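Examination of the molecular architecture
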Amino acid sequence: MPPTTPFPVFRFAPSPNGYLHLGHAYSAYQGAEAAAREGGRFLLRIEDIDIGRCREEYVDAIYEDLAWLGLSWERPVLRQSARFALYEDALKTLRGLGVVYPCFATRKEIIAAIEDSGVALERWPRDPDGALIYPGLYKDLPPRELSRLMWEGISYAWRLDMEKAKALAEEMAGGPLTFLEEGTGPKGETGRLPIEPELYGDVVVARKDVPTSYHIAVTIDDAAQGITHITRGQDLFYMTHVHRVLQVLLGLPEPIYRHHALIRDETGRRLSKTAADRGIRELREAGKSPEDVRRLIGLEAAL
Ligand code: GLU
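Residues numbered from 1 in each chain as written. Predicted model: local features only at pLDDT ≥ 70, side-chain atom pairs only at ≥ 80, totals over all residues. Heavy atoms only, no water.

Further remarks concern the overall build of the chain. Along the backbone of the chain there are 10 helices and 10 strands. Taking 19 Å as the expected radius of gyration for a compact globule of 303 residues, we find that the chain reaches 20 Å, a close match to that expectation. With the principal axes as the frame, the chain shows a C-alpha extent of 65 × 40 × 35 Å. Counting over 303 residues, the chain shows a buried share of 49%. Residue pairs in contact within the chain that sit at least 24 positions apart in sequence constitute 78% of those at least 6 positions apart. (Helix = DSSP H or I, 4+ residues; strand = E, 2+ residues; numbered from the N terminus. Rg over C-alpha atoms; globule rule 2.2 N^0.38 Å. Buried < 20%, exposed > 50% of the residue type's maximum accessible area, 1.4 Å probe, protein only. Contact = heavy atoms within 4.5 Å.)

Moving on, we get to the packing of helix 7 (residues 214-224) against helix 8 (residues 239-249). Packing of helix 7 against helix 8 brings their axes to within 10 Å, and their N-to-C directions diverge by 60 degrees. With respect to their mutual orientation, helix 7 and helix 8 come out oblique. In the packing of helix 7 onto helix 8, the handedness of the crossing is right-handed. Seen from helix 7, the contacting residues are Y214, H215, I216, V218 and T219; seen from helix 8, they are M239, V242, H243, L246 and Q247. (Axes fitted to C-alpha atoms, helices over the stretch in contact; angles between N-to-C directions. Parallel < 35°, antiparallel > 145°, perpendicular 65-115°, else oblique. Left-handed = near helix turned anticlockwise from the far one by under 90°.)

Another aspect to go through is the nonpolar core. If you look at the biggest cluster of nonpolar residues, it comprises 42 residues, and the most contacted ones within it are L94, L160, V205, I216 and L249. Only helix 3 (84-96), strand 5 (157-160), helix 6 (162-173), strand 8 (204-207), helix 7 and helix 8 provide two or more residues apiece to this core. If we skip the residues at most four places from it in the chain, L249 touches T93, L94, L97, V99, A165, L168, A169 and M172. In terms of nonpolar packing, the next biggest core, distinct from the first, is built from 27 residues, Y29, L44, I263 and I297 among them. (Core = buried A, V, L, I, M, F, W, Y, C linked by side-chain atoms within 4.5 Å.)

Consecutive side chains of a regular strand alternate in pointing toward one face of the sheet and then the other. Buried residues dominate strand 2 (residues 41-46), accounting for five of its six residues. Relative to strand 2, strand 1 (residues 9-12) runs parallel, the two sharing four bridges. Across the sheet, the residue bridging to V9 is R41, located in strand 2. Note that the unit made of strand 1, helix 1 (residues 22-37) and strand 2 has a crossover that is right-handed. Summarising the sheet, strand 2 and strand 3 (residues 78-79) pair through two bridges and their orientation is parallel. Bridge pairing in strand 3 links R45 to L78. (Pairing = 2+ DSSP bridges. Right-handed = clockwise from strand over helix to strand, strands pointing away.)

Where burial is concerned, most of helix 7 is hidden: eight out of the 11 residues are buried. Among the residues of helix 7, H215, I216, A217, V218, T219, I220, D221 and D222 are the ones counted as buried. Phi turns positive, to about 65 degrees, at G226, one or two residues after helix 7.

Spatial strand order, 4-5-8: three strands in an open sheet with antiparallel pairing. The outermost strands of the open sheet, each flanked by one partner alone, are strand 4 (100-103) and strand 8. Taken pair by pair, the neighbouring strands of this sheet meet at an average axis angle of 30 degrees, ignoring direction. When strand 4 meets strand 5, the two strands line up antiparallel, connected through four bridges. By the bridge assignment, V100 is partnered in strand 5 with L160.

This next bit is on the environment of L44. Note on placement: L44 falls in strand 2. For L44, a relative accessible area of 2% corresponds to the buried category. Taking the C-alpha atoms as reference points, L44 and R75, separated by 31 residues in sequence, lie 8.3 Å from one another.

In this model, the chain carries an average pLDDT of 93, and 93% of its residues clear a pLDDT of 70 or more. Confidence over residues 273-277 falls short of pLDDT 50; this stretch has nine contacts with residues more than four positions distant or in other chains. (pLDDT = per-residue confidence, 0-100.)

Once that is clear, we can look at helix 2 (residues 56-68). Compared with the 18 Å implied by 1.5 Å per residue over 13 residues, the 19 Å span of helix 2 between its first and last C-alpha is a close match. Residues of helix 2 that are buried: Y58, V59, A61, I62, D65 and L66. Buried residues of helix 2 fall within an arc of 160 degrees about the axis and therefore sit on the same side. Buried residues along helix 2 sit against strand 1, helix 1, strand 2, strand 3 and helix 9 (280-285). Remark: G70 follows helix 2 within two positions and exhibits a positive phi of approximately 95 degrees. (Expected span 1.5 Å × (residues − 1). Arc of directions from axis to C-beta.)

See the structure below:
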């Protein structure tokens, strides 16, 4: 059951791996305005677990751009890079439940295994983001073989055994899992929806060098910050199926989801961080006002 929410908590959770663009502005406004409208709180979280791609300069730019847009948020701001130990604890819990396994497969091995399976690579199932569904290599290694590979120091990733994880989560929840979508998914999905985490198969939930993943960090932190309503773009909609499984396995509460459509440019293409000409700071430097930005993304001009 989703929480009863006398006091809703919303959030905006950007990754500082580039400058904010119009899509981010739209997402941030969705969370902040829902909080204002519904008498709730609005929190900002910096999702900087990818130390290779995240930069301090972009963190500063996020604060600056959001303030310029007229948004305010509670402080201190939670930063994921300070929380690796907590994510590792979550991984340990998943290991204790026996729902993750170390996977030593390289991309080359994965492709080779698919090609050997007799199914053409282009017909092999892919997840909603276009990645190949993992073919299960290294899944049932005998313990001795497993220790040998680990001992040799070969790089590995922890994968969720999705079938097992879903079954255990449903057993723990006492029935089939669902989530409440108060916005819409890319295909108009809305309302109480059954989970289909098999869409992603055995996802990676941690790596040897980065001991977490977006899936674990977002699940842990939404709960830690008491987020009751997750407002975010539809590009993350299907990942909710994975997050629900993790929430149950880790004993975390169920938030309500409000996915929103993505802002598109004139040609109908999804805006991305590479659409730099539509970056918030570029627009600002070009003399645009926050009201102009709001108009560009289809929001009423007045804040
Ligand atoms: N950090 C993610 C991003 O910038 C968003 C995560 C979320 O809203 O769940 O795409």
